[in-house]
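# Breakdown of the fold
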Amino acid sequence: MRIASSSRGYLPPFLVCLCFIQRCYGASHHHPPPAKVPSRNGTRLANGQTEVHHRPKRGWIWNQFFVLEEHIGPDSQYVGKLHSNSDKGDGSVRYILSGEGAGTIFIIDEVTGDIHAAKSLDRERKSHYVLHAQALDRYTEEALEPKSEFIIKVQDINDNAPKFPEGPFVVSVPEMSEVGTSVIQITATDADDPTYGNSARIVYSILQGQPYFSVDPKTGIIRTALNNMDREAREHYAVVIQAKDMAGQVGGLSGSTTVNITLSDVNDNPPKFPQKICQVYVPESAQVGKPVGKIKANDEDLGVNAEIKYTIINSEGANTFSISTDRDSREGVISLKKPLNYERKKTYTLHIEGTNTHTDPRFTYLGSFKDTATFKITVGDVDEPPVFSMEYYIMDVYENAPPGTEVGVVTARDPDSRNSPVRYFMGSNEDEEEEGGEEGVRYFTIDADSGVIRTTRPLDREAQPWHNITVMASEVDNPSLLSQVAVTTQVLDVNDNAPEVATDEEVIVCESSRPGQVIQTIAAVDKDDFANGQRFSFALPSQLPTNPNFTLKDNEDSTASIVARRRRFSHLTQELYHLAVVVWDGGEPVLSGTSTLTLRVCPCRGQGRARTCQGEAFLTAAGLSTGALVAILLCVAILLAIVVLFITLRRSKKEPLIFSEEDVRENVVTYDDEGGGEEDTEAFDIAALRNPAGAEELKFRRDVRPESRHRHRRHRRLRPPREGGAARGGGLSREEEEELEEQRLDAADVHEFIKQKLVEADLDASVPPYDSLQTYAYEGGGSPAGSISSLDSPAGARSGEGECHLLDDWGPAFQVLAGLCGEARAEETEAEETEAVATAASEEELVTNGEGDPALPV
């Protein structure tokens, strides 16, 4: 059963009829519930019972209810009624409502089944609600009807006005467009239900913007409505469009938006010069390439449609001037192409044309998109510096020409109308001063009035073939106005350099060279240029005798060959040869030069055509042959072997035998001298034999050299005892007693002393039983022959001195040994001289006192 109630207080006729039929049908068919009889639509369960599937009655099937949105009133809005055929009206049936909004928005009467909307609904927020209805037995809570689903649909009213979600709009359309040109399509939206009534049917209209634009009522397309709209006349338009629902009927809701339309530019306007004639003043000193004036044409268009290209259309102006377009200011910039000369032309007339670079073919009917103007230039007179007749000069002069030789002439004139006289002078040229070798010294000078350039000194082409100078010119009336020109002077060659052989190396002659064999081919060089230095002739000097070793052959191609005339060259016999060669050039006059070549003989080893003798270079430079070098190396090896052997022997030599103090045997001292007799006491002190008691005090190591106090003892002279001093200790001093004791020992018989010592040695039982032989020999005293030793003989001294002189003569290798020998001889000579002086003084004292014989030896 369905009952729908309108929120406006009336029911539609068909709803009333349906409600009435539903009520009647429910009352006539109200019967108690039948007993549950198993039917064929049952399912037997596991416990033996049968579950019956009931088909819902057609009266309990609910489709949908309707409720108006935006209900305003004190009472809730009636939606409809639920009714079960099992409801007898006694309140035993309880109706339950569940689903969307149940209990909050939609409230049901559990007894009657009436449904009410407790809140105002908005279809634009939610258009329908899905609910579930159920009928239960109030007492047993058993379901009398199965749960049924139905929908409550919110019925729309016209409560939303059309809107333009994308507005306002900004668009553009080209100017001069045809009528009906589409500008933009706008669309409005309405939130109302488009399927119910006319609430969402929108109609468009134009409120502002006529008569320029129009809008289609149904589609909302805006089009142009006026022909030839000019952007230059009006550029911006604000068009207001209205959208109204209810198909535009009275009472419908409406919304509006603004469409801002801009006319975009097209090239529909040609350029125009505001002034047809322009005039400027330009001095004749204006620099080439610099701007001298500007001109501008106006164009009402924008962007690329207003770009203008300027052109000088007459030849008079185009030859001297050029014009370009400034992209920023769109002006025509006029520049100078050639220098101006007031004396030649005082005015120029330029016809300038301005043309659009981007034209639109649609508007060619408007005329040509270009314009012309006249630009007059007046040249101003300026005092100018002199002008040379040429941009640069090239001159030439022969080398070695005498000072004052004319090189050339430069000319300059005053370009002004008054034609002031011009003076010339040399400009500062650093290159010229440096090349001259002397600061401030120049090779050229110029005549101040005529401009004639002359030399100041002879020139040398070989030292400097070109000279660059600068010539200055100034007006006599205005010296501050200067101009300059470069003058290049070429020094022409004359044959003033003799040729010479072009070789700096020695010529190698192999020892195996044969007669007629070419030793080397030589060429010549000449400092003169190609014409005078290319052809050369060679020959040996005619004034010299014929060379027996070598000859020269002229090859007649500016080269010559050195040819051997004999064989068997030997570098040991003669290593270097010198060959004089005379060279003539082919110049005018003919010059000749003589060069001396050095030829070195060496044993060659062939390497192609090259000949080398590096193996002999070192020996030759040192002055030694191969045999001498081998001998030197052998001697060095022998000396090294001797040194090594000597060091080895020194390390392996044992310590010499040292007798202890208990060993009283006599020592045998061996030395290499021939012996000086008993008077030679340098190597052995005989006092030990004469005074055994003092021998213990005078013992020394055998490997220690005796002190030098006994070295020259043989030269001493004994002083005789003084008168009255014969007795020991009888008033004599200690020195006098020692002298007397020494004289006594000298007078003792040495032979007897030796015998005594021999007997003592034989009878001494305290010494170790050494097996030794002790031999004592006595030569006797007072030998008339004297000592035969060469150490103290005059011949030996002379021989040693002579040997030192011989060492000096043997060469540098014996210089060190000669120096040591000389030093030793000098020390001995100095000692002898000292003792001789002392002896002479003693003798003089003895003679003076008259005591004893001064010639008594020790």
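Residues numbered from 1 in each chain as written. Predicted model: local features only at pLDDT ≥ 70, side-chain atom pairs only at ≥ 80, totals over all residues. Heavy atoms only, no water.

## With respect to a nonpolar patch on the surface
The grouping of Leu 634, Ile 638, Leu 639 and Ile 642 at the surface amounts to a nonpolar patch, some 410 Å² of accessible area in total. By secondary structure assignment, the location of Ile 642 is in helix α6 (residues 626–652). Judged by relative accessible area, which is 51%, Ile 642 ranks as exposed. (Patch = residues over 30% accessible without salt bridge, like charges linked within 9 Å, V, L, I, M, F, W, Y side chains within 5 Å. Areas by Shrake-Rupley, 256 points an atom, 1.4 Å probe, with all protein chains shown as cover. Salt bridge = Lys/Arg side-chain N within 4 Å of Asp/Glu carboxyl O. Helix = DSSP H or I, 4+ residues; strand = E, 2+ residues; numbered from the N terminus. Buried < 20%, exposed > 50% of the residue type's maximum accessible area, 1.4 Å probe, protein only.)

## Regarding the side chain of Asp 493
Checked against the element boundaries, Asp 493 lands in the loop between β32 (482–492) and β33 (500–501). Classification of Asp 493 by relative accessible area gives buried; the value is 10%.

## A closer look at the sheet that holds strand β30 (residues 452–455)
Strand order across the open sheet formed by three strands is β26-β30-β29, with antiparallel pairing between neighbours. Pairing within the sheet leaves two strands with one partner each, and these edge strands are β26 (406–409) and β29 (444–446). Put simply, the sheet's adjacent strands are angled 25° from each other on average, direction ignored. In this sheet, β30 lies alongside β29 in antiparallel orientation, the contact comprising three bridges. (Pairing = 2+ DSSP bridges. Axes fitted to C-alpha atoms, helices over the stretch in contact; angles between N-to-C directions.)

## A word on the packing of aromatic side chains
The geometry of an aromatic ring pair is captured by two quantities: the separation of the ring centres and the angle between the planes. Taken as a whole, this structure holds ten aromatic pairs when the rule is applied. For the pair Phe 550 and Tyr 577, a centre-to-centre distance of 5.6 Å together with 75° between the ring planes defines the contact as edge-to-face. Residue Phe 550 is found in strand β37 (residues 550–554), and its partner Tyr 577 is found in strand β39 (residues 576–585); the two are separated by 27 residues along the sequence. In textbook terms, an aromatic cluster arises when at least three aromatic residues are bridged by ring pairs, as seen for Tyr 212, Phe 213 and Tyr 237. (Phe/Tyr/Trp six-rings, centres within 6.5 Å; stacked < 30°, edge-to-face > 60°.)

## Focus on the sheet that holds strand β20 (residues 321–325)
The three strands lie next to each other as β18-β21-β20, forming an open sheet whose pairing is antiparallel. Across the chains shown, the open sheet's two edge strands, defined by having one partner strand only, are β18 (291–295) and β20. The mean inter-strand angle of the sheet, taken between neighbouring strand axes irrespective of direction, is 25°. In terms of strand pairing, β20 meets strand β21 (residues 332–336) through five bridges, oriented antiparallel.

## So, the confidence of the model for the protein
Here the protein shows a mean pLDDT of 75. Residues at 70 or above account for 67%. The secondary-structure element of the protein with the lowest mean pLDDT is helix α1 (residues 13–28), recorded at 37, while β30 shows the highest, at 95. Within the model, the stretch residues 657–664 combines pLDDT values under 50 with 14 contacts to residues more than four positions away or in other chains. In the model, residues 789–801 has pLDDT below 50 throughout and makes ten contacts with residues more than four positions away in sequence or in other chains. (pLDDT = per-residue confidence, 0-100. Contact = heavy atoms within 4.5 Å.)

## Thoughts on the pairing of strand β40 (residues 592–602)
Two strands pair when backbone bridges link them, and strand β34 (residues 507–510) and β40 are joined in this way by four bridges, in the parallel orientation. Within β40, the position partnered with Ile 508 by the bridge is Arg 600. For β39 and β40, the ladder comprises nine bridges, and the chain directions are antiparallel. Looking at β40, one finds that Leu 576 is bridged to Arg 600. In sequence, β39 turns back onto β40 through a hairpin of six residues.

## Here's the deal with the environment of Asp 87
For Asp 87, the location among the structural elements is in the loop between β4 (77–81) and β5 (93–99). For the pair Asp 87 and Asp 137, spaced 50 residues apart in sequence, the C-alpha to C-alpha distance is 9.4 Å.

## A closer look at the pattern of salt bridges
In this structure the tally under the stated criterion is 18 salt bridges. Note that Lys 370 is salt-bridged to Glu 353, the shortest N-O span being 3.8 Å. With Lys 370 in strand β23 (residues 370–380) and Glu 353 in strand β22 (residues 347–356), this residue pair connects regions lying 17 residues apart in the sequence. Among the salt bridges present, the one from Arg 461 reaches Asp 493, with a minimum N-O distance of 2.9 Å. With a gap of 32 residues between them, Arg 461 in the loop between β30 and β31 (466–475) and Asp 493 in the loop between β32 and β33 connect regions that are remote in the sequence. The exposure classification of Arg 461 matches that of Asp 493, with both residues buried. A single salt-bridge network, built from bridges that share partners, covers Arg 231, Glu 232, Glu 235 and Asp 265.

## With respect to the pairing of β23
Where strand β17 (residues 277–283) and β23 come together, seven bridges link them in parallel fashion. Note on β23: the bridge partner recorded for Tyr 281 is Thr 378. Bridge analysis of β22 against β23 gives nine bridges, and the strand direction is antiparallel. Considered in β23, the bridge of Thr 347 is made with Thr 378.

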